[in-house]
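# Remarks on the overall topology
Listed below are the residues making up each chain.
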Amino acid sequence: MSWLSRFTSVFRTGNLNREIEEEQQFHIASRTDELIADGMEPAEAARQAHLAFGNPTRAREESHEAKVFSWLESIRQDIYYGLRALAKAPGFAAIAILTLALGIGADTAIFSVVNGVLLNPLPYPHADRIVTLFDEYPQFKTGSISYPNFLDWRQMNRSFSAMAAYRVQAHILFGSGQPEHLQGEMISAGFFDILGVKPILGRTFDKKDDRLGTAPVAILSEGLWRRKFGAAPDIIGKRLVIDGVARTVIGVVPSTFRLRIRNFQKGGPLNSFQGGAQLNEIYTPIGQFNQPQFYADRSSPWGMDAIGRLKPGVTFVQACGDMERVSRQLAATYPGIDSNQKANLVPLKKEIVGDMRPVLLLLLGAVSFVLLIACVNVANLLLARSTGRQREFAIRLAVGAGRARIVRQLLTESILLALIGGGLGLLIAKFGTAAALAAVPQTVPRAESIGLDVYVLLFAVFVSLGTGIIFGLAPAWNLRHANIGGALKESGRNFAGTRSRTQRVLVVVETALALVLLIGAGLTIRTLFALWNADPGFDPRGVLTFSVAPQTSLAKESPAAIRAFYQQLHHRLASTPGVEAVSLSWGSTPIGRDNESYFWFVGKRKPAQTDDLPMAIRYRVEPSYLKIMQIPLKRGRFFTSRDDKNAPPVAVIDESLAKKYFPGQDPIGRYLVANLYPSAQLNAKIVGVVAHVNQWGLALDAASPLHAQIYSPIAQFPDDLVRHDAGGANVFVRGKGSRTPSFELLERRLHAFDRELVAFDPMPMQQMVSGSIASQRFTMSLFALFAGLALFLASIGIYGVLSYFVGQRRQEIGVRMALGAAPATVLRMILKDGARMIFTGIAAGVIASLGLVHLMSSMLFGVKPTDLPTFVLVALVLCAIGLLACYLPARRAMRIDPVIALREE
C-alpha cells in the first residue's frame, strides 16, 4: 500500500464495520480449525467456535467503539503534539500565523462584501419576483415612463400581481419652526405592498388616496417621525403643511426600509456622486400630483419609473415577453409617440447591485491570489523547518510509526496554524471591512448588509482548513522520499535536493501571482490618473451649487413678479462678499441631474413620430453661467443680458451636437426647436458653440449614447413655464480666487432677503467631480492594497528561500572560499540562483496577465488592458525588489568563515 493510500485510509470510516467483521470471521475460523484438529466434527466445531466467540453483533459494537475511541485519541495526541511543536518554535509560528492572518483576513473581508452585496437575499418577501420597469428609448435603455403609459402597462399586462410608479420629489415642511427641506418620493398605491414593507404606525396608501381630488395625505419615515416629532404616538391624523398643502399623516414606515434604486432615494448607487446619501423622509401619492401635463402628455416622463411583483409561477422571461406584447399594442395605438419605445424589465437585485458584480468578483479573485501567496510562503517555511526535523521523522519511522501517521501529524500542525491565523484574520477582516466602507460608503450598494454573519464565518473556517491542507501537503509530499538510514547517518540532508526543487517552484509561483496583482493595480492606478486628468468640459474649482425653494405662494403670482423675485435673489447672492459670479439654473446639472428633451432643426423634415426625433440634454441658465463654469466657447457667442423675453429666441449648442448634425458645416445662424414645454417650442437661433460637458461623470460620459447638449436663456422662458418653475431653482456660485464660497454665508444672505426661503443640498462642484470616480478610486485602493501585500509576501518568500539555500550550502560555500573563491563570486552565485527564480516567475506572470487583464477592460479608462508601459514598469519594480530580497542572504553568504563552515556537519 502506498503512503498516500495509507494516509487516506486513516480518515476513512465507511469500511470500518467490514474490517471488524472480517477480523471476527478470522478468529472464528481459527478456533474452528483448532477444534477440528482436536478430533471434533466440523459442524460441531463451527458451532462451538461461534458459541465461544459470543454475540457477533455485540462484539462488532465493542470493537467499533474501541477503534473509534482509539482514532479520536490519536487525533487528540496529534493536536497536543502539534501545539507543543509550535510552542517550541515561537518565531516560526508567529511569522506563519501572521502571514496566514493577512491572507485569510483580506480574503474574508472581500468575501463579506461579496456576500452582503451579491449573495445575501434582499430583505423583501419573495424578492426574486420583484422587478424594476423602465421605458426603453433608442437613446436610453432605462428611460423614465410617462404616467399614461404606466397606467396602460398596469392595466394591460398579464404577468404582474401589482405594479406601482415612483418619482423623486423634494418637499418643504412648514409650520414647525423654520421651513425645512425634506427628501421625498411620490409613489403609487400598493408600492409598499409590493416590497412587503409594513408601517410601524397607521397604514399605507390605497387606491382612494392615489387620485386627484381626494384628501391630501402623507406617510412619514421613522427617522423624520423621531427627529421632528419626538416619536409622538399621536402623529397619525395630524395635519402637516407640506409645499403649502395641508396633508394628513396616515402612516409611518420603519427606518429599516432602505431601498436604493434608480430615481429612488437620493444618493443611491447610480448617483452617489451627488452628495451624501439621503433617505426619503416623506411619501405622497403620485396620483395627487397637481400638474395637468403629467396626466395628459404621453411623451413627458417626468422622471418616473416603476416596480412590479410577478404573479406566482410567472418567470422573468415570460414577463418580458408579456410586456413586449403590451409595448406593441401601445405602439399601434399611439404610433406618433410609442412606436420606438418598449418596456425594459430589470430584476430588483440587479438594479440595486448595478455594475458592482464584476468589480467585486474581480477583487475576490485578486485577494485569492494574495491568499495563495501566503500559502506558498508558509509552505516554504514548513519545508525549511522540516529540514531540522528529518532526524525526528527518521527515528519515528525506525521504531514503527507509519508514514501516514507522520503525514497526519504534519497536516494537523498546518491546520492548527491555519485555524489560529484564520481567527486573527477574522479580526483583520472585521476592522478592514469597516475601514474600507467608511472611506467610500456610497460606492458599494447594500453596504448595510455587509458584516461577519454566519456565512462569512463558515467561509473563514473553510478557507482556513483548506489553506492548512494546501500548504501542509508540501512537507508531507516530500516525506515520501525520506530515507531512514541516510537520515539517521547524515542528519537528514539526503533528500534536501527534492525539497529545494519544490521550494524553487513555489517561489516562481508566488512571483507570478504577485506580478499579476501588480499589473492589475498598475492598470487601475493609471485609469485613475487618466480620469483625474480628463477634461470634464468645465472648471469645478471654486464653484458651489445648491438648490433654493421659495414659498409655494410664489407660483400664484404673476410671471413678472416671479421673474422679479428671482432677479432680486440673484442680485442678493451676487453682492455677497467673496462671490465672483452667480447663475440660476433649471434643467440639467453637470455630473448631477439630467433633463432631456427632443429637438429638431428648422428647414429639415420633421419626423412624423416623436420617438424618431433626436434627443439632447437641456441646460436652462443665465448669461453668467459660462463664466462660472469656465466652459470654453468654441464659436460664436454665449447669452447676454439683451437675450430677454422681448428678444428673438436664441440657443447655444455643444460641439458634440455640432459635429454630429453639422459635420464640416457652421451651425451658427441655424434654427432649432426643442420640445421643452408646449408653449416653449420656439424657433431658436443657434448663436454659439461651447465645449462638451461630461454630464454623466468622468468615467461614464464616453460610454453614454447621449452627448448632445443645448443651452437656453432663462430670461426667454414663456410665462406658463415661468409659473411652472416657480417652485425652486438650482444656483451656481463661483468664489473669487477659486475659493469655494461659504454656504452658511450665502444662506444667511438669502434668509435676510426672505425668511421663508429654503436653501438645501450644497455641493462643491470639485467634490461632485471627485465623487463621480468614487467607484474607480475604491477599486484602485483595494487593488493597490492587495498588490502591495502580495509584493511584501513575495519578497519575504524569496528572502526566506534563499536564506534557507545559503544555510544548506554553508559547507559548499566554505569549500569554495577555502579554495580561493572571492566573496564577489559567492555573491554572484547566490544572486544568479535567485534571479533565475525571479525571472522565471515574471515570465510566467506576464503570460498569465495577458489572459486575465482582459477581465478588467470594462473597468479601465484611457489605458489598454495590454498597456506596455504598465507591464514593463511593474516587471522592473518586482525584479528590483526581488533582487534586493536576494541580496540580503547573498551578502550573508559572503561573510561565511570557511574554517567554521568546514568544521560543521
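Residues numbered from 1 in each chain as written. Predicted model: local features only at pLDDT ≥ 70, side-chain atom pairs only at ≥ 80, totals over all residues. Heavy atoms only, no water.

A separate point is the overall build of the protein chain. Counting its regular elements, the protein chain contains 28 helices and 21 strands. Within the protein chain, the proportion of its 905 residues that are buried is 52%. Look at the contacts in the protein chain between residues 6 or more apart in sequence, and 80% of them connect residues 24 or more apart. With the model as given, the accessible surface of the protein chain reaches about 39900 Å², and the carbon-plus-sulfur share is 59%. (Helix = DSSP H or I, 4+ residues; strand = E, 2+ residues; numbered from the N terminus. Buried < 20%, exposed > 50% of the residue type's maximum accessible area, 1.4 Å probe, protein only. Contact = heavy atoms within 4.5 Å. Areas by Shrake-Rupley, 256 points an atom, 1.4 Å probe, with all protein chains shown as cover.)

Bringing the packing of aromatic side chains into the picture now. In this structure the tally under the stated criterion is 30 aromatic pairs. Measuring from ring centre to ring centre gives 6.1 Å for Phe-294 and Trp-302, while their planes differ by 90 degrees; the resulting arrangement is edge-to-face. With 5.3 Å between their ring centres and 85 degrees between their planes, Tyr-566 and Trp-586 make a pair best called edge-to-face. With Tyr-566 in helix α18 (residues 559-574) and Trp-586 in strand β12 (residues 579-587), this pair connects stretches of sequence that are 20 residues apart. Here Tyr-566 falls in the buried class, since its relative accessible area comes to 6%. Its relative accessible area of 9% is what places Trp-586 among the buried residues. Grouping aromatic residues by their ring pairs yields a cluster made of Tyr-147, Phe-150, Phe-289, Phe-294, Tyr-295 and Trp-302. Over the face of the ring belonging to Phe-134 we find Arg-262, whose NZ or CZ atom lies 5.1 Å from the ring centre. (Phe/Tyr/Trp six-rings, centres within 6.5 Å; stacked < 30°, edge-to-face > 60°. Lys NZ or Arg CZ within 6 Å of the ring centre and 35° of its normal.)

Moving on, we get to the confidence of the model for the protein chain. Per-residue pLDDT for the protein chain averages 83, and the proportion of residues at 70 or more is 85%. At the level of individual helices and strands, the protein chain shows its lowest average pLDDT in helix α1 (residues 3-10), which scores 42, and its highest in helix α7 (residues 191-195), which scores 97. Of the regions scoring below 50 in pLDDT, residues 267-276 engages in 23 contacts with residues more than four places distant in sequence or in other chains. (pLDDT = per-residue confidence, 0-100.)

Turning to the pairing of strand β9 (residues 305-310), a few remarks are in order. Counting buried residues in β9 gives six out of six residues, a clear majority hidden from the surface. Across the two faces of β9 the burial is the same, with Asp-305, Ile-307 and Arg-309 and Ala-306, Gly-308 and Leu-310 all buried. Looking at chain direction, strand β2 (residues 160-174) and β9 are connected through six bridges and run antiparallel. Among the inter-strand pairings, Ala-165 is bridged to a residue of β9, identified as Ala-306. (Pairing = 2+ DSSP bridges.)

Structurally, Arg-734 can be placed in strand β20 (residues 729-735). A distance of 2.9 Å separates the side chain of Arg-734 from the backbone oxygen of Arg-541, its partner in a polar contact. (Polar contact = N/O pair within 3.5 Å; in protein donor to acceptor, adjacent residues only side chain to side chain.)

Moving on, we get to helix α6 (residues 147-156). Residues of α6 that are buried include every one of Tyr-147, Pro-148, Asn-149, Phe-150, Asp-152 and Trp-153, and no others. Taken together, the buried residues of α6 touch β1 (130-136), β2, α9 (292-296), β9, α10 (316-333) and β10 (342-347).

We now examine the packing of helix α26 (residues 823-852) against helix α27 (residues 868-894). Contact geometry for α26 and α27: axes closest at 8 Å, N-to-C directions at 150 degrees. The angle between α26 and α27 falls in the class roughly antiparallel. The handedness of the crossing between α26 and α27 comes out as right-handed. A class-by-class count of the residues in the contact of α26 with α27 yields 21 nonpolar, three polar and one charged. (Axes fitted to C-alpha atoms, helices over the stretch in contact; angles between N-to-C directions. Parallel < 35°, antiparallel > 145°, perpendicular 65-115°, else oblique. Left-handed = near helix turned anticlockwise from the far one by under 90°. Nonpolar A, V, L, I, M, F, W, Y, C, P; charged D, E, K, R; others polar.)

A word on the nonpolar core. A general feature of soluble globular proteins is that nonpolar side chains tend to end up buried together. Residues Leu-417, Phe-471 and Phe-786 are the most contacted members of the largest nonpolar core, which totals 85 residues. Listing elements by their share of this core, those giving two or more residues are α5 (90-119), α12 (356-387), α14 (403-439), α15 (454-478), α17 (496-533), α24 (774-808), α26 and α27. Broken down by element, the residue count for this core peaks at 18 residues, all from α12. Among all residues touching Phe-471, those that are not within four sequence positions of it are Leu-100, Cys-375, Val-378, Ala-379, Leu-382, Ser-414, Leu-417 and Ala-418. Core analysis: the next-biggest nonpolar cluster, separate from the first, contains 42 residues, Met-615, Met-629, Phe-638 and Tyr-711 among them. (Core = buried A, V, L, I, M, F, W, Y, C linked by side-chain atoms within 4.5 Å.)

This brings us to the pattern of salt bridges. Side-chain pairing between opposite charges can occur once the charged atoms of the two side chains come close. In total, this model carries 20 salt bridges according to the counting rule given. Between Glu-281 and Arg-227 there is a salt bridge, and its shortest N-O distance comes to 2.9 Å. Of the two residues, Glu-281 sits in the loop between β7 (245-253) and β8 (282-285) while Arg-227 sits in helix α8 (residues 222-229), which places them 54 residues apart along the sequence. A residue is classified by how much of its surface remains accessible, and Glu-281, at 17% relative accessible area, is buried. Across the pair Arg-325 and Asp-322 runs a salt bridge, and its minimum N-O distance is 2.6 Å. On the criterion of helical spacing, the pair formed by Arg-325 and Asp-322 is a turn pair, its members being three residues apart in helix α10. By relative accessible area, which is 9% here, Asp-322 ends up buried. (Salt bridge = Lys/Arg side-chain N within 4 Å of Asp/Glu carboxyl O.)

Glancing now at the layout of surface pockets. Reported here for the second largest pocket is a volume of approximately 510 Å³. Sorting the residues of the lining of the second largest pocket by element identifies α18 and β12 as the ones contributing at least two each. Top contributing element to the lining of the second largest pocket by residue count: α18, with six residues. By residue class, the composition of the lining of the second largest pocket is 12 nonpolar, six polar and six charged. (1 Å grid on protein atoms, 1.4 Å probe; cavity = no way out; pocket = protein on both sides within 12 Å on 5 of 7 lines; lining within 4 Å. Points joined across faces, edges and corners; volume = space filled by probe spheres on them.)

For Thr-467, the location among the structural elements is in helix α15. You can call Thr-467 buried: its relative accessible area is 4%. Here Ser-464 takes part through its backbone oxygen, which lies 2.9 Å from a polar atom of the side chain of Thr-467. Once residues lying within four places of it in the same chain are set aside, the contact partners of Thr-467 are Ile-104, Leu-371, Cys-375 and Ala-418.

Of note, Asp-243 is a non-glycine position whose phi angle comes to about 55 degrees, a positive value. At Asp-761, a position not held by glycine, the phi torsion is positive, near 55 degrees. Relative to the assigned elements, Asp-761 resides in strand β21 (residues 758-764). A residue is classified by how much of its surface remains accessible, and Asp-761, at 19% relative accessible area, is buried.

Time to look at a nonpolar patch on the surface. On the surface, Leu-98, Leu-424, Leu-427, Ile-428 and Phe-431 cluster together to form a nonpolar patch covering roughly 460 Å² of accessible area. In this structure, Leu-98 sits in helix α5. (Patch = residues over 30% accessible without salt bridge, like charges linked within 9 Å, V, L, I, M, F, W, Y side chains within 5 Å.)

Next up on the list: the environment of Thr-412. Here Thr-412 shows up in helix α14. Take Thr-412: its relative accessible area is 14%, and that puts it in the buried class. Setting aside anything within four residues of it in sequence, one finds Thr-412 in contact with Asp-78 and Ile-79.

Right, let's talk about the environment of Ala-893 for a bit. Counting through the fold element by element, Ala-893 comes out in helix α27. What makes Ala-893 buried here is its relative accessible area of 0%. The sequence separation of Ala-893 and Phe-805 amounts to 88 residues, and the corresponding C-alpha distance is 10.0 Å. With residues near it in sequence (within four places) discarded, Ala-893 still touches Val-806, Ile-813, Met-817, Val-826 and Ile-830.

With that settled, consider the packing of α6 against α10. Where α6 meets α10, the axes come as close as 10 Å, and the angle between the chain directions of the two elements is 130 degrees. In this view, α6 runs oblique relative to α10, as classed from their interaxial angle. α6 and α10 meet at a crossing whose hand is right-handed. Residues Asn-149, Asp-152, Trp-153 and Met-156 of α6 form the contact with α10, whose own contacting residues are Met-323, Arg-325, Val-326, Gln-329 and Leu-330. Across the contact of α6 with α10, the residue classes break down as five nonpolar, two polar and two charged.

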